[in-house]
Amino acid sequence: MWFFAPFRGLWCGLVGSVRNLNDVLSGGLLRYPYKYYTLQHYPTYICNGPTPSNTNISYFLSHTNVPGYAQWQSTGIEMAKNVNVPVLMTEYNSVSCGGSNVSDTFAATLWAVDAALNFASAGLSGAYLHTREYQVLYNLFDPPTPSTSTESGWHTGSPYYSALFLSETFIPGGSIVVDINLNNSINDPASTVAGYAIYNANGTACERLVLINYGLTGQLRNFTLPQNVTPSIGFRILVAPSVEEKTDISWAGQTIGQNGDLEGTQTTGWVECGDGCTVGVPGPGAALILFGDYANATGFFVGNSTIAGLNGYAPSPTGTSGAEDDGRGVWWRVVGVVVLVVTGSLQWVV
């Protein structure tokens, strides 16, 4: 996604760049009144052609690799925090210079979710998932042809599902995100899971959990929440048949059809959890879990379209694709812009 606003900012960094934010700030720029510092970062690149590194899907299936990628500018981010200047990741995706064979797979979908949440836990104030011109492999969406961008027939890439998931993950008004190091996933390369706790902006309550299962097809992972954590939960699942899948991906039981319409029955699970409860996350897949009153209010998007307000385009009427409004309200949330507010450090035990 792209971001445009009339702000004065300092940009620093691309894959392979030797410039670090802390070096630039230490060079004297801290004394200038920048409103933002911005970064761009990819874990690898394909500018000089395919290599074992940029075509290796296993890299994107291990949470152990994510903190090193997301937190590589931690010193500069801390310096910026000390002078109250937000740091934005204005461009990230899987493989720079157009993507590789990995970039349009479900592995990249899960990785983009994991990376965004880790950016948040590292203190970044925003992250933007990058999309480019027609047929770039990591694109979120493409027109039918380069010359028919005003016509119907647009289709979405696998990273678009990352944006859908993330658009429902963060709390309006700000979130504090903590990597809970599930199953020692930060340090153990053999771990196939990852987990995050999402607190409200002042850190007084954990309102949401994200659980990621990088496991093989059919490898269900059950996660247990202990008693007295929350009276109930609502949850939605992001899933595909395999990590190599490119199109048969679903979020909350729905897939994205032409022009952003959601097809299928929108599915949300509801479980009483006062005495503890278990959530099963299929492999490969991820779950977004909302706690108690936060799930029962307006925590989940209900509807059939991921676009709104386009002249001449009428999305499918409510109900035609099976979306359900169970009294919790029908509302719209902007998709594709990941906004995070991150301060401090909190702990969560599952």
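Every value quoted in this text rests on a predicted model; they were computed, and no experiment measured them. (Residues numbered from 1 in each chain as written. Predicted model: local features only at pLDDT ≥ 70, side-chain atom pairs only at ≥ 80, totals over all residues. Heavy atoms only, no water.)

Asks: What am I meant to see in the side chain of N118 here?
Replies: Along the chain, the position of N118 falls in helix α4 (residues 106-121). On the basis of relative accessible area, N118 is assigned to the buried category, the value being 0%. A polar side-chain atom of N118 sits 2.9 Å from a polar atom in the side chain of Y196. Setting aside its immediate chain neighbours within four residues, N118 contacts H63, V66, P67, A70, Q71, D179 and Y196. (Helix = DSSP H or I, 4+ residues; strand = E, 2+ residues; numbered from the N terminus. Buried < 20%, exposed > 50% of the residue type's maximum accessible area, 1.4 Å probe, protein only. Polar contact = N/O pair within 3.5 Å; in protein donor to acceptor, adjacent residues only side chain to side chain. Contact = heavy atoms within 4.5 Å.)

Asks: Got a minute to help me understand the pairing of strand β10 (residues 193-200) in this structure?
Replies: Looking down a regular strand, the side chains alternate between one sheet face and the other. Of all the eight residues making up β10, eight are buried; the element is thus mostly covered by neighbouring parts of the structure. Strand direction decides the pairing type here: strand β9 (residues 175-179) and β10, joined by five bridges, are antiparallel. Bridged to D179 within β10 is Y196. Pairing geometry for β10 and strand β11 (residues 206-213), over seven bridges, is antiparallel. Its bridge partner being in β11, Y199 is matched across the sheet by C206. (Pairing = 2+ DSSP bridges.)

Asks: Hey, could you run me through the state of the cysteines in this one?
Replies: Among covalent bonds in proteins, the disulfide is the one between the sulfur atoms of two cysteines. Taken as a whole and judged by the stated rule, the model has two disulfides. The disulfide bridge from C47 ends at C97, spanning 1.8 Å between sulfur atoms. Across the disulfide from C47 to C97, rotation about the S-S bond amounts to roughly 60 degrees, and the bridge is consequently right-handed. One end of the pair, C47, is in the loop between β3 (44-45) and α2 (65-70); the other, C97, is in the loop between β5 (95-96) and α4, and 50 residues separate them in sequence. Since its relative accessible area comes to 43%, C47 is described here as partly exposed. Since its relative accessible area comes to 40%, C97 is described here as partly exposed. With a sulfur-sulfur separation of 2.0 Å, C273 is cross-linked through a disulfide to C277. Across the disulfide from C273 to C277, rotation about the S-S bond amounts to roughly -75 degrees, and the bridge is consequently left-handed. Neither residue differs from the other here; C273 and C277 are each classed as buried. Within the protein chain, bonded cysteines paired by disulfides and numbered along the sequence follow the pattern 1-2, 3-4. (Disulfide = S-S within 2.5 Å.)

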